[in-house]
Amino acid sequence: INAEYMGIDIIECKRNKHVGMQPEPHVHADIELAQVREEKYKRIIAELADFYKKYNSTHRLSPDARMASITSLIRNSFPDFIFVGFYIVVDAPLIGRASKEKFLEIGPYQSVILATPRIGFGNGVCGTCWEQRKTQVVNNVKECKNYIACDNETQSEVVIPVFKSREDRSEVVAVLDIDSIVVNRFLDDIDRRYLEQIVDEFLHI
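Treat the numbers as computed from the prediction; the structure is a model and nothing was measured. (Residues numbered from 1 in each chain as written. Predicted model: local features only at pLDDT ≥ 70, side-chain atom pairs only at ≥ 80, totals over all residues. Heavy atoms only, no water.)

## Some details on the packing of aromatic side chains
Taken as a whole, this structure holds 9 aromatic pairs when the rule is applied. Relative to Tyr52, the ring of Phe51 has its centre 5.6 Å away and its plane inclined at 65°; by these criteria the two rings are edge-to-face. Exposure remark for Phe51: the relative accessible area of 32% places this residue in the partly exposed category. For the pair Phe78 and Phe81, a centre-to-centre distance of 4.8 Å together with 35° between the ring planes defines the contact as tilted. (Phe/Tyr/Trp six-rings, centres within 6.5 Å; stacked < 30°, edge-to-face > 60°. Buried < 20%, exposed > 50% of the residue type's maximum accessible area, 1.4 Å probe, protein only.)

## A closer look at the state of the cysteines
In total, this model carries 0 disulfides according to the counting rule given. Cysteine Cys129 remains unbridged, with the sulfur of Cys126 as its closest cysteine sulfur at 7.3 Å. Owing to a relative accessible area of 0%, Cys129 belongs among the buried residues under this scheme. (Disulfide = S-S within 2.5 Å.)

## Structural notes on helix H4 (residues 124–132)
Judged by how many residues are buried, H4 sits mostly within the fold: 7 of 9 residues are covered. Residues of H4 that are buried include every one of Gly124, Val125, Cys126, Gly127, Thr128, Cys129 and Trp130, and no others. Structurally, H4 contributes buried residues whose contacts are with strand S2 (81–93), strand S3 (100–111), strand S4 (118–119), strand S5 (136–138), strand S6 (156–163) and strand S7 (172–180). Of the residues flanking the end of H4, it is Arg133, one or two places downstream, whose phi is positive at about 55°. (Helix = DSSP H or I, 4+ residues; strand = E, 2+ residues; numbered from the N terminus. Contact = heavy atoms within 4.5 Å.)

## Some details on empty space enclosed by the protein
A full pass over the atoms with the stated rule returns 1 cavity of 30 Å³ or more. In this structure, the largest cavity occupies an estimated 130 Å³ of space. Lining the largest cavity are 13 residues; nearest its centre among them are Ile119, Ile148, Cys150, Glu157 and Asp177. Within the residue set of the lining of the largest cavity, elements represented by two or more residues are S2, H4 and S7. When residues in the lining of the largest cavity are grouped by element, the largest group, 3 residues, is from H4. (1 Å grid on protein atoms, 1.4 Å probe; cavity = no way out; pocket = protein on both sides within 12 Å on 5 of 7 lines; lining within 4 Å. Points joined across faces, edges and corners; volume = space filled by probe spheres on them.)

## With respect to the pairing of S2
As paired elements, S2 and S7 share 7 bridges and run antiparallel to each other. In the strand pairing of S7, Tyr87 is matched with Val175. Bridge count for S2 against S3 is 10 bridges, and the pairing is antiparallel. Paired with Asp91 across the bridge in S3 is Lys102. (Pairing = 2+ DSSP bridges.)

Next up, the structure:
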């Protein structure tokens, strides 16, 4: 897979020696065929469109409400996703000080995992997405030196940037973080393309 052509940043973890390697047979057990996975994303998009058409007509849904509906549909559509959630950029005062500090703070999410509450700029996969303003894909979290672990089951991760608006992509205001229990889960173009579409269409309406 040509990651540069796809427009994805494959995070350098030990020079990406794992890229192109075939995982053990059992790792493939929960991975749907590409066309099945694509149909699931299409259903998510259709459901979100109907949902927002119904509930966004008289009063604009808050960002939290939109994020909550997105995480719920995605998490419940893919059994191998152990965490689906948003981290939001906040600028908060330091306790006992006059200065402020920006960081990612956990927002709406779906998981059995208790999420890391704060992530600094450039730290972990989420912080790297915020810093570089690009989708980040980690093929094997065990080989990533900049990975922040909050469980022992996650094998791969994808993080999508949420920009200030469709027109203004100079500032990241949040990120969508998804963890899977399957190695090399996000290598194909389908997941990245549809997740970016979901974020772009349903968080900027």
